[in-house]
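Next come the chains, spelled out residue by residue.
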Amino acid sequence: MFSYTIRRVGLLIPVLLGMTFIVFMMIRAIPGNPAQLILGQQASKDAIETLTKQLGLDQPWYTQFVHYLGGLFQGDLGMSLKTRSPISDEIWPYLAATIELSLVAILIAVIIGVNAGIISAWFQNSWFDYAVMLIALIGVSMPIFWLGLMEQYFVSIKWDLLPTTGRDNIRMPVEAITHLYLIDTLMEGRFDQFIEVVKHLILPGIALGTIPMAIIARMTRSSMLEVMRSDYIRTARAKGLKMFWVVYKHSLKNAMIPVITVIGLQTGLLLGGAILTETIFGWPGIGTYIYDAIQSRDYPVIQSGILVVATLFVLINLFVDILYAAIDPRIKY
Amino acid sequence: MTDDGEISVVNSIDFQVNSGEVLGIVGESGCGKSVTSLSVMGLVPSPAGKVEGDILFNGENLVSASEKRMRQIRGNEIAMIFQEPMTSLNPVFTIGSQLIEALQIHKKWPKKKAQAHAVDMLKMVGLPRAEELMKEFPHQLSGGMRQRVMIAMAMICAPKLLIADEPTTALDVTIQAQILELMKKLNEETDTAIMMITHDLGVVAEMCQRVVVMYAGKVVEEADVKTIFTSPKHPYTVGLIQSVPDMRDKKERLYSIPGNVPKPGSVKAGCQFAPRCAHAFDRCISETPALESLGGSQRVRCWLYEDEKGVNIVDRTIS
Ligand SMILES: Nc1ncnc2c1ncn2[C@@H]1O[C@H](COP(=O)(O)OP(=O)(O)OP(=O)(O)O)[C@@H](O)[C@H]1O
Ligand code: SF4
Ligand SMILES: [Mg+2]
């Protein structure tokens, strides 16, 4: 198990390198001279040339790439053109906001999705099963932005139950330590703020978590149905085990093997959805960060922002692979 | 298929197992042997046919028993081993944890004590390295070893009845003999009765004291093992016995009963065997025969024995 983990981590290096290269080339493929774009139409030729030199854009692409890579190895993500400060210094609060939102969304999706799937399979063809499958069908086909706007319209504006935007109450802002506000407020013992943070998380969390929830519910159900037909489940029942244990112990552990892959995939996709959700709910996350960078043509931020999100995606996949091996003893390490 | 979508695969189970004996249940593939044994456990898959009739266990009717009562019986008083040792153990739990489960549920034993007993059981079924096996996963074991584990698991609460549904068909010949030997030994050493389901008459001759012959979900003949081989009464039983290759006469061609077992749900009136029976007459097609005693322990479901009891049709056909 340990050596397997080491090997999987080792495999990360070429993946990350390749990814960095692709992101790097993608940014370079955007037409137009960044220096020109930054300085505007009225800029003098001299000024443009100076900035081009300053940015190192006069160098051949491979020199630029090696330079960028060298910086990455030292934890240098480059310099924001807009704020003139190192990206590595300013990116974490945004990243933390996205991580917190995504974790809440995937947690909602997994807890509700897996249990709904299990109970649906257990009571196959019952009204509960039909209801779950109908809701799941609606859930997978619901566009995030539409769901987000509906939530805001009804829950926030019409019924005035939950806030529309932001991470915390502006009248009592959270004092950031880790920038994961749920943790920060608890560390500070500010329970009132904690409740506020939870309130702010609910709507975007649901908007972001609905599609994965529906997909996880359907996958869990079909995986459970298949497992529950198997011979070893008959053996478990023949021992006199209660149906609850047959379902939640013997079936679930087997059924989770394919479900975990789906959960990992959905968590990755969630990052894409998070960017959309952040725009709707004014969430100061990495999506907002990159979006703003695109608006102001802040190329280093776009490049490093995408790279950070992609790395997160790869890390999630790594985690899933290791989890997979931990559950299934048949996987050869 | 009937209107409500239920198929009656096993129409009426009508036999008994005496304590300590080995009862053989034979019949062609698809005649309902597995469904019968699962119905004793109350584990017939729900869309399958309902079991009609009574299953009496120590005077208690299992067909009408509550689910809670059935849970107390399963694994404790009646245990079962299955046809497919390769897939009957849960792949993601250790052998040890699967073995001790029944003890924990039924006997409420603490883990340590249950584990010690499980190791003893593994030794009893002839598995080497019992202690290490406890920590291993099913995929690390061969088919024969897994079936031994299944037997140990079934016997762990010392059940009164062990149902073995073709426990050796999936194994190769030498392993088959070992497993049968083991089961015979266990039957002799404990007072566990065995219901041995098989389509191999050789296994019956080797292991069983009494035999029940099934055809299309019904018992068609029942007798002690000697009577079944020396004077079978039902034309189907006769056919089965004639289809056993005789080792002494190598030239003899293998006899097989012409035709196929009827599909479940396609049950018609009259004797189910009539389309394949050489002795069928008008009554066989219109009326369903009942299982009648021929005196002694032998019972048969055939119109041929309605009037003249005890006629041996083997004698009648050979002429
Ligand atoms: N609900 C059902 N619907 C359709 N067919 C069914 C149903 N239940 C059982 N059967 C079929 O009825 C037949 C009898 O089943 P069973 O498995 O008991 O036969 P068997 O005597 O054990 O055969 P084998 O020797 O192959 O194990 C099988 O062909 C099975 O597929
Ligand atoms: S009842 Fe008739 S058809 Fe059926 S086995 Fe007897 S003789 Fe043959
Ligand atoms: Mg069978």
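Conventions and cut-offs
Residues numbered from 1 in each chain as written. Chains lettered and ligands numbered in written order. Predicted model: local features only at pLDDT ≥ 70, side-chain atom pairs only at ≥ 80, totals over all residues. Heavy atoms only, no water. UniProt positions renumbered as here; feature names shortened; annotations may be inferred. Salt bridge = Lys/Arg side-chain N within 4 Å of Asp/Glu carboxyl O. Buried < 20%, exposed > 50% of the residue type's maximum accessible area, 1.4 Å probe, protein only. Helix = DSSP H or I, 4+ residues; strand = E, 2+ residues; numbered from the N terminus. Core = buried A, V, L, I, M, F, W, Y, C linked by side-chain atoms within 4.5 Å. Domains from an automatic or database assignment. Contact = heavy atoms within 4.5 Å. Buried area = accessible area lost by both parts, 1.4 Å probe. Polar contact = N/O pair within 3.5 Å; in protein donor to acceptor, adjacent residues only side chain to side chain.

Chain A is annotated in an unreviewed UniProt entry as Peptide/nickel transport system permease protein from Fictibacillus solisalsi. Under the Subcellular location (unreviewed entry) heading, UniProt states for chain A: "Cell membrane". In its Sequence similarities (unreviewed entry) section, the UniProt entry covering chain A states "Belongs to the binding-protein-dependent transport system permease family."

**A word on the pattern of salt bridges**
Pairing of side chains with opposite charge becomes possible as their charged atoms draw close. Overall, the coordinates contain 22 salt bridges over all chains when judged by the stated rule. Its salt-bridge partner being Asp192(A), residue Arg190(A) comes within 3.2 Å of it at the nearest N-O pair. Classification of Arg190(A) by relative accessible area gives partly exposed; the value is 32%. Residue class for Asp192(A) comes out partly exposed when judged on its relative accessible area of 39%. When the shortest N-O distance is used, the salt bridge between Lys160(B) and Glu77(B) registers 3.6 Å. Separated by 83 residues along the polypeptide, Lys160(B) in the loop between helix 6 (143-155) and strand 5 (161-165) and Glu77(B) in the loop between helix 2 (67-73) and strand 4 (78-81) bring together distant segments of the chain. A relative accessible area of 44% means that Lys160(B) is categorised as partly exposed. Within this structure, Glu21(B), Arg210(B), Glu222(B) and Arg299(B) form a network of salt bridges that share partners.

**Overview of unusual backbone geometry**
We note that His179(A) has phi near 75 degrees; this positive angle belongs to a residue other than glycine. Assignment of secondary structure puts His179(A) in the loop between helix 7 (144-158) and helix 8 (181-187). Phi angles above zero are rare outside glycine, and Lys108(B) is one such case at about 55 degrees. Relative to the helices and strands, Lys108(B) resides in the loop between helix 3 (95-107) and helix 4 (111-124). Judged by its relative accessible area of 65%, Lys108(B) falls in the exposed class.

**A few points about the nonpolar core**
Most often, soluble globular proteins keep nonpolar side chains buried together rather than apart. Residues Met183(B) and Met196(B) are the most contacted members of the largest nonpolar core, which totals 90 residues. The element best represented in this core is helix 6 of chain B, accounting for 7 residues. Shared between two domains, this core takes at least three residues from each, and those domains are domain 1 (7-208) and domain 2 (232-305) of chain B. Look past the residues within four positions of Met196(B) in its chain and what remains in contact with it is Val22(B), Leu23(B), Gly24(B), Ile25(B), Ala164(B), Pro167(B), Leu180(B), Met183(B), Val203(B), Met207(B) and Cys208(B). Among the nonpolar cores identified, the runner-up in size contains 70 residues, and Val104(A), Ala255(A), Met256(A) and Val301(A) belong to it.

**Examining the interface of chain A and chain B**
Of the residues lining the interface, 18 residues belong to chain A; the matching set on chain B comes to 25 residues. A buried area of about 2100 Å², summed over both sides, lies between chain A and chain B, and 60% of it is on carbon and sulfur atoms. Looking at the side of chain A facing chain B, the largest losses of area belong to Arg234(A), Lys239(A) and Pro329(A), adding up to 29% of the total buried there. Joining chain A to chain B, the criterion identifies 4 salt bridges. Among the salt bridges present, the one from Lys249(A) reaches Glu101(B), with a minimum N-O distance of 2.8 Å. Connecting chain A to chain B are 13 residue pairs in polar contact (both at pLDDT 80 or more). Here the side of chain A that touches chain B takes 6 residues from helix 10 (residues 231-238) of chain A, the largest share from any one element.

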